[in-house]
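Given next are the chains, with one letter for each unit.
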Amino acid sequence: EVQLVESGGGMVQPGGSLRLSCVASGFTFSSYDMAWVRQAPGKGPEWVSSIRGGGGATFYPNSGKGRFTISRDNAKNTLYLQMNSLKPEDTALYYCARAPAPNTWYSGNFYLDRHYWGQGTQVTVSA
């Protein structure tokens, strides 16, 4: 079965950095686009970023590039999210998400189905 295990969350001060990791198993990792999704308290899920299976292209929300960088190491079946210059509004549960089908590009909204998510890791940005 598909398994996605996130780690790396924690509490940081505004302006700080965190690096999230997601270890995948149960499928051919390199064949699937991957994404990060977050959900803040009382709000619906929000697409953060996605990356093609081979790691050759990355995607972010319109006007959202700059602070976050998505990457992957297919040899380690691991997805990463480097977060810099963190703000309080970045506080949320961050989930690793797999694309619905292999070798296929999807827009961000397709990653908002919890069926494809990991268990999540909490990121709290507070002074």
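Residues numbered from 1 in each chain as written. Predicted model: local features only at pLDDT ≥ 70, side-chain atom pairs only at ≥ 80, totals over all residues. Heavy atoms only, no water.

## Regarding the environment of Ser-50
Secondary-structure assignment places Ser-50 in strand β5 (residues 45-51). Put simply, Ser-50 and Thr-69 are 19 residues apart on the chain and 9.6 Å apart in space, counted from C-alpha to C-alpha. When neighbours within four sequence positions are excluded, Ser-50 is seen to be in contact with Met-34, Ala-35, Ala-57, Thr-58, Phe-59, Ile-70 and Tyr-111. (Helix = DSSP H or I, 4+ residues; strand = E, 2+ residues; numbered from the N terminus. Contact = heavy atoms within 4.5 Å.)

## So, the side chain of Asp-33
In this fold, Asp-33 is placed in the loop between β3 (18-25) and β4 (34-39). According to the relative accessible area criterion, Asp-33 is buried, its value standing at 4%. Looking at Asp-33, its side chain comes within polar contact range of the side chain of Arg-52, at 3.4 Å. Only 3.0 Å separates the side chain of Asp-33 from the backbone nitrogen of Gly-53, close enough to count as a polar contact. Setting aside anything within four residues of it in sequence, one finds Asp-33 in contact with Ile-51, Arg-52, Gly-53, Arg-72, Arg-98, Ala-99, Thr-104, Trp-105, Tyr-106 and Tyr-111. (Buried < 20%, exposed > 50% of the residue type's maximum accessible area, 1.4 Å probe, protein only. Polar contact = N/O pair within 3.5 Å; in protein donor to acceptor, adjacent residues only side chain to side chain.)

## A word on the packing of aromatic side chains
Summed over the entire model, instances satisfying the criterion amount to 6 aromatic pairs. For the pair Phe-59 and Trp-105, a centre-to-centre distance of 5.8 Å together with 65 degrees between the ring planes defines the contact as edge-to-face. Residue Phe-59 is located in strand β6 (residues 58-59), and its partner Trp-105 is located in the loop between β9 (92-98) and β10 (121-125); the two are separated by 46 residues in the primary sequence. Residue Trp-105 is classed as partly exposed on the basis of its relative accessible area of 44%. (Phe/Tyr/Trp six-rings, centres within 6.5 Å; stacked < 30°, edge-to-face > 60°.)

## Thoughts on the sheet that holds β9
Judged by pairing direction, the sheet is mixed, and its 6 strands sit side by side in the order β2-β10-β9-β4-β5-β6 without closing on themselves. Across the chains shown, the open sheet's two edge strands, defined by having one partner strand only, are β2 (10-12) and β6. Here 3 bridges tie β2 to β10, and the two strands are oriented parallel to one another. Residue pairing across strands places Gly-10 opposite Val-123, the latter belonging to β10. (Pairing = 2+ DSSP bridges.)

## Quick notes on unusual backbone geometry
Residues other than glycine seldom take positive phi values, yet Asn-77 does so here, at roughly 50 degrees. The backbone of Ser-85 sits at a positive phi, close to 50 degrees, despite the residue not being glycine. Tracing the chain through its elements places Ser-85 in the loop between β8 (78-83) and β9.

## Regarding the pattern of salt bridges
Inspection of every chain in the model, using the stated rule, returns 4 salt bridges. Ionic pairing is found between Arg-38 and Glu-46, a salt bridge with its closest N-O pair at 2.9 Å. When its relative accessible area of 37% is taken as the criterion, Glu-46 is described as partly exposed. With a closest N to O distance of 2.7 Å, Arg-67 and Asp-90 form a salt bridge. Here Asp-90 lies in the loop between β8 and β9 and Arg-67 lies in the loop between β6 and β7 (68-73), a separation of 23 residues in the sequence. In this structure Arg-67 comes out as partly exposed when scored by relative accessible area, which is 24%. Several salt bridges converge on common partners, so that one network encompasses Arg-38, Glu-46, Arg-67 and Asp-90. (Salt bridge = Lys/Arg side-chain N within 4 Å of Asp/Glu carboxyl O.)

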